[in-house]
Amino acid sequence: MTDPAAPYRAFAQAAGTSPLDAHVATALGRSAAALRVLQVVPARRRGPVPVLAALHDLTLAGRAPGLAAAHAAADGEATAAAAVDTLLRSAPEVAALLARRRPASLVTGHCAVLQPAVAEAASRAGAGAVGLIGLDLSPGLDLHVDRVGTHLDTGQHLGDPASPVQLRASVVGPGRVPERAVPAVVARIGVGRDPLDLTDPDDARWLHACLAPDRPAESARLAEALAVAAAAPPHLLRGDPLDLLPAAVARVPAGALPVVLTTWAVARLTPDRRLRLRRTLEEVAAGRAVAWVSVEGVGVAPGVPTLGDRPASGHSTIGLTLPDGPVLRGEALGRCWSRGRLLSWLAAG
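Residues numbered from 1 in each chain as written. Predicted model: local features only at pLDDT ≥ 70, side-chain atom pairs only at ≥ 80, totals over all residues. Heavy atoms only, no water.

Enquirer: Describe the overall build of the chain, naming the residues involved and giving the relevant values.
Expert: For the chain, the count of helices and strands is twelve helices and eleven strands. For the chain, with 349 residues in total, the buried portion stands at 51%. Counting every atom, the chain has about 15,400 Å² of accessible surface; 54% of that belongs to carbon and sulfur. Of the charged side chains in the chain, 35 are positive and 31 negative, and the gap between their average positions amounts to 3 Å. (Helix = DSSP H or I, 4+ residues; strand = E, 2+ residues; numbered from the N terminus. Buried < 20%, exposed > 50% of the residue type's maximum accessible area, 1.4 Å probe, protein only. Areas by Shrake-Rupley, 256 points an atom, 1.4 Å probe, with all protein chains shown as cover. Lys, Arg positive; Asp, Glu negative; His and termini not counted. Charge placed at Lys NZ, Arg CZ, Asp CG, Glu CD.)

Enquirer: I'd like to hear about helix α2 (residues 19–30), residue by residue, with values.
Expert: A rise of 1.5 Å per residue sets the reference length of α2, with its twelve residues, at 16 Å; its end C-alpha atoms lie 17 Å apart and thus fit the reference within 8%. By the burial criterion, the buried members of α2 are L20, D21, A22, V24, A25, A27, L28 and G29. For α2, the elements touching its buried residues are α1 (6–13), α3 (32–38), α4 (48–60), α5 (65–73) and α6 (76–89). (Expected span 1.5 Å × (residues − 1). Contact = heavy atoms within 4.5 Å.)

Enquirer: I'd like to hear about the packing of helix α9 (residues 201–209) against helix α10 (residues 216–231), residue by residue, with values.
Expert: Two elements in contact, α9 and α10, have axes separated by 10 Å at closest approach and are oriented at 155 degrees. Viewed along their axes, α9 and α10 adopt a mutual orientation that is roughly antiparallel. Crossing handedness for the pair α9 and α10: right-handed. Here α9 contributes A204, L207 and H208 to the contact with α10, which in turn contributes S219, L222, A223 and L226. Here the contact of α9 with α10 is composed, by residue class, of five nonpolar, two polar and no charged. (Axes fitted to C-alpha atoms, helices over the stretch in contact; angles between N-to-C directions. Parallel < 35°, antiparallel > 145°, perpendicular 65-115°, else oblique. Left-handed = near helix turned anticlockwise from the far one by under 90°. Nonpolar A, V, L, I, M, F, W, Y, C, P; charged D, E, K, R; others polar.)

Enquirer: Kindly report on the environment of S163, identifying the contributing residues and their values.
Expert: Within the secondary structure, S163 sits in the loop between β3 (157–159) and β4 (166–171). Given the relative accessible area of 6%, S163 is considered buried. Residues S163 and L135 lie 28 residues apart in sequence; the distance between their C-alpha atoms is 24 Å. Dropping the residues within four chain positions of it, S163 is found in contact with R147, V148, G149 and V228.

Enquirer: Could you give me a rundown of the nonpolar core, with the residues and numbers involved?
Expert: Membership of the largest hydrophobic core comes to 52 residues, with the highest contact counts inside it found for L106, L132, L141, V259, L261, V293 and L343. It is helix α8 (residues 111–125) that provides the largest number of residues to this core, a total of eight residues. Those residues in contact with V293, other than ones at most four positions away along the chain, are L114, A117, V118, A121, V259, V260, L261, T262, G319 and L320. A5, A64, A70 and V94 belong to the second largest nonpolar core, which has 29 residues in total. (Core = buried A, V, L, I, M, F, W, Y, C linked by side-chain atoms within 4.5 Å.)

Enquirer: Describe the packing of α1 against α4, listing the residues and the values that go with them.
Expert: At a minimum axis separation of 10 Å, α1 and α4 run at an interaxial angle of 80 degrees. With respect to each other, α1 and α4 are oriented roughly perpendicular. Contacts from P7, Y8 and F11 of α1 reach α4 at P48, V49, V51 and L52. Of the residues contributing to the contact of α1 with α4, the split by class is seven nonpolar, no polar and no charged.

Enquirer: Can you explain the pattern of salt bridges? Please cite residues and give values.
Expert: Taken as a whole, this structure holds 19 salt bridges when the rule is applied. Here D57 ties to R205 by a salt bridge, and the two come within 3.3 Å at their closest N and O atoms. Residue D57 is found in helix α4, and its partner R205 is found in helix α9; the two are separated by 148 residues along the sequence. When the shortest N-O distance is used, the salt bridge between D240 and R273 registers 3.0 Å. Linking D240 in the loop between β6 (235–238) and α11 (241–250) with R273 in helix α12 (residues 271–285), this pair joins segments that are 33 residues apart in sequence. (Salt bridge = Lys/Arg side-chain N within 4 Å of Asp/Glu carboxyl O.)

Enquirer: So, the sheet that holds β6: which residues are in play, and what are the values?
Expert: Taken together, eleven strands build an open sheet; the order of strands is β3-β2-β4-β11-β10-β9-β8-β7-β1-β5-β6 and the sheet is mixed. The sheet terminates laterally at β3 and β6, the two strands that pair on one side only. Recorded for the sheet is a direction-independent mean angle of 30 degrees between the axes of neighbouring strands. Examined bridge by bridge, strand β8 (residues 291–297) and strand β9 (residues 316–324) share six bridges and lie antiparallel to one another. Note on β9: the bridge partner recorded for S294 is G319. (Pairing = 2+ DSSP bridges.)

Enquirer: Tell me about the pairing of strand β10 (residues 327–337), residues and numbers included.
Expert: Across nine bridges, the pairing between β9 and β10 is antiparallel. Residue pairing across strands places D324 opposite V327, the latter belonging to β10. Between β9 and β10, which pair antiparallel and follow one another directly, the connecting turn spans two residues, one of which, G325, has a positive phi of 70 degrees. Bridge count for β10 against strand β11 (residues 342–345) is four bridges, and the pairing is antiparallel.

Enquirer: Let's hear about unusual backbone geometry: which residues, and what values?
Expert: You will see that A74, though not glycine, has its phi angle at about 55 degrees, which is positive. Mapped onto the elements of the fold, A74 is located in the loop between α5 and α6.

Enquirer: I'd like to hear about helix α7 (residues 91–100), residue by residue, with values.
Expert: Along α7, the residues that are buried comprise A91, V94, L97 and L98. For α7, the angular spread of buried residues about the axis comes to 130 degrees, placing them on one side. Residues of α7 that are exposed and angled more than 90 degrees away from the buried face: P92, A99 and R100. (Arc of directions from axis to C-beta.)

Spelled out as C-alpha cells, the structure:
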C-alpha cells in the first residue's frame, strides 16, 4: 500500500525546497487528519506541490489570515501549524482549487531563442509587421518577445533594452546570432484548451501562489513579467488548438505575417496530431503567407530537419517553416539547451 506521507517527506528533504515549504510539507505528512482530507482529491493532484500552491492561493486571496500572518513572520513552526489548520478548516475550498488548477510557472526564457527566430521569419518573408499566434503555450511571455530584453554573453542585446524583464543567455559555436529587431507586433493570439489569462487577477494570483512564500525576489520578478503581459494583453481562443488555428490566423490583419509559435508544445501531441498540425498549416498557407517558429525536441516538429541529431539527445531544435512555392519547407535555424538559456545559431546571417 502506498504511503501517502512519503511524497511530503521527500519534498521537504529535496534540495531547493524553501524553508517555509519544507516546514509545511513535513507537517502535512505527519498529520493523519490532513492526509485523510486529501484522500478525496484525485491522486495526481494531492502531492505537495499542488497542495502547497492551493494553500498559498487561499492566503493571497485573504481567506487564510492565520497562514498569511505566519508567512509574513517567516516563522516555520507557525506556518506549519497554520497550514494544517487551514487545510482542515477549508478542505472544500482546497479541493475545489485542486480540481481546476494545475501547478504553473510563468516562463520567460523562451524569448531568448524566439526573438532571433521571429525576426528571421519576418526578414525571410519581407514582412514589416507580424501577428504572433501561440499554440498551447505554457504561461509565459512567448507572445511578448518584442517587449523583453535579452543579453547574450557575446555582448549582443536582443529585444527591448528598456523592458523590466531582462534575460541572459549564452551562445555556443561559431554562428553569430543575428541582431535583427522583431518587427511591429500587430496581433497577439493565444490558442489552447484552457490558457491562463495573465491579465486575470485570479490567474495571476495562482501563478504567485505557485511560488514559495519566502522567496520575495521570485515574486517580484513575476510581478514585472505580468506587468509586461498586461500592457499588451493577447486575445485568447479557447478550444482545440488545431481546430482553432485557421481562425487565429484570420485574426492577423492583412499585410502582417502570421507567425505561429510552438515551444515544447508539439511533443505533447500524438504523432497523428503532429501531422495534422502540419497539414493545417499547409492549408492555411495556401491562402496567405504564414510562418511557423518551432522550438521542439529533435525530430518532434514535422518537416524540420534533425541535422543528423538523435532524438532525446539533450537539446532542442529551433525551426523555421515557411512557404516555398506550393509547399512548406522547414529549416533548422539552431539548437538550444536549458529551455533557451543556451543556444547555438546555425542559419546564415
